[in-house]
Amino acid sequence: MTIQELETQVLTLNLADKAKLISILTQNLTNGSLGIKKAPGVCGGDACVGNTRIQVWVLVGYRRLGCSDAELFKCYPHLTAADLVNAWAYADAYPEEIEQAIKENEEA
C-alpha cells in the first residue's frame, strides 16, 4: 500500500477511529506512550493521560484559557508531546464527554 492509498483510507475514518489511529502511531513512535486511560475509581473514571491522574478535560480547560503546549509542559514537566497529542485527539473524538466533565466540575 502506498502512502497516498493510506491517506485516502485514513480520510474516510470517523473522529473516534482517527483518534485511535493517532494513539497507535504515537505509541509506536514514542516507544511506549501510555495513551489515554479510563479506570473506574481513578479521577471519577475520567479520561486521564497514561498512568497519571491528569484528566484530559483539565488540559482542554487550560488550553481554552490560552495556555500553550509549552506552558502545559512547564506545569506538568513529566508530560511528553505524545501525551498532549493523545489528549487533543481524545478531546476531538469525544467532545460531549469532555464538555460534560468540564460542566460538572464548573458546577462543583
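Anything mentioned here points back to the structure above.
Residues numbered from 1 in each chain as written. Predicted model: local features only at pLDDT ≥ 70, side-chain atom pairs only at ≥ 80, totals over all residues. Heavy atoms only, no water.

Peer 1: In this structure, what is going on with the packing of aromatic side chains? I would like to understand it.
Peer 2: How two aromatic rings sit relative to each other is set out by the distance from centre to centre and by the angle between their planes. For the coordinates displayed, the defined rule picks out 2 aromatic pairs. Judged by centre distance (4.6 Å) and plane angle (40 degrees), the rings of Tyr 90 and Tyr 94 are tilted. Classification of Tyr 90 as buried rests on a relative accessible area of 11%. Lying over the aromatic face of Trp 88, Arg 63 brings its terminal NZ or CZ to 3.8 Å of the ring centre. (Phe/Tyr/Trp six-rings, centres within 6.5 Å; stacked < 30°, edge-to-face > 60°. Buried < 20%, exposed > 50% of the residue type's maximum accessible area, 1.4 Å probe, protein only. Lys NZ or Arg CZ within 6 Å of the ring centre and 35° of its normal.)

Peer 1: Would you take a moment to explain the environment of Trp 57 for this structure?
Peer 2: In this fold, Trp 57 is placed in helix 3 (residues 56-64). Sequence separation of Trp 57 and Asp 17 is 40 residues, and the distance between their C-alpha atoms is 20 Å. Only 3.0 Å separates the side chain of Trp 57 from the side chain of Asp 46, close enough to count as a polar contact. (Helix = DSSP H or I, 4+ residues; strand = E, 2+ residues; numbered from the N terminus. Polar contact = N/O pair within 3.5 Å; in protein donor to acceptor, adjacent residues only side chain to side chain.)

Peer 1: Would you take a moment to explain the packing of helix 3 against helix 5 (residues 81-93) for this structure?
Peer 2: Each pair of packed helices gets described by two things: the angle between the helix axes and the distance between those axes. Look at helix 3 against helix 5: their axes get within 10 Å of each other, and the N-to-C directions meet at 90 degrees. The angle between helix 3 and helix 5 places the two elements in the roughly perpendicular class. Across the interface between the two elements, Val 56, Leu 59, Val 60 and Arg 63 of helix 3 pack against Leu 84, Ala 87, Trp 88, Tyr 90 and Ala 91 of helix 5. Its residues assigned to classes, the contact of helix 3 with helix 5 comprises 8 nonpolar, no polar and 1 charged. (Axes fitted to C-alpha atoms, helices over the stretch in contact; angles between N-to-C directions. Parallel < 35°, antiparallel > 145°, perpendicular 65-115°, else oblique. Contact = heavy atoms within 4.5 Å. Nonpolar A, V, L, I, M, F, W, Y, C, P; charged D, E, K, R; others polar.)

Peer 1: Explanation requested: a nonpolar patch on the surface in the structure shown.
Peer 2: A cluster of nonpolar residues, Met 1, Ile 3 and Leu 6, forms a patch on the protein surface that exposes about 370 Å² of accessible area. Counting through the fold element by element, Leu 6 comes out in helix 1 (residues 3-11). In this structure Leu 6 comes out as partly exposed when scored by relative accessible area, which is 40%. (Patch = residues over 30% accessible without salt bridge, like charges linked within 9 Å, V, L, I, M, F, W, Y side chains within 5 Å. Areas by Shrake-Rupley, 256 points an atom, 1.4 Å probe, with all protein chains shown as cover. Salt bridge = Lys/Arg side-chain N within 4 Å of Asp/Glu carboxyl O.)

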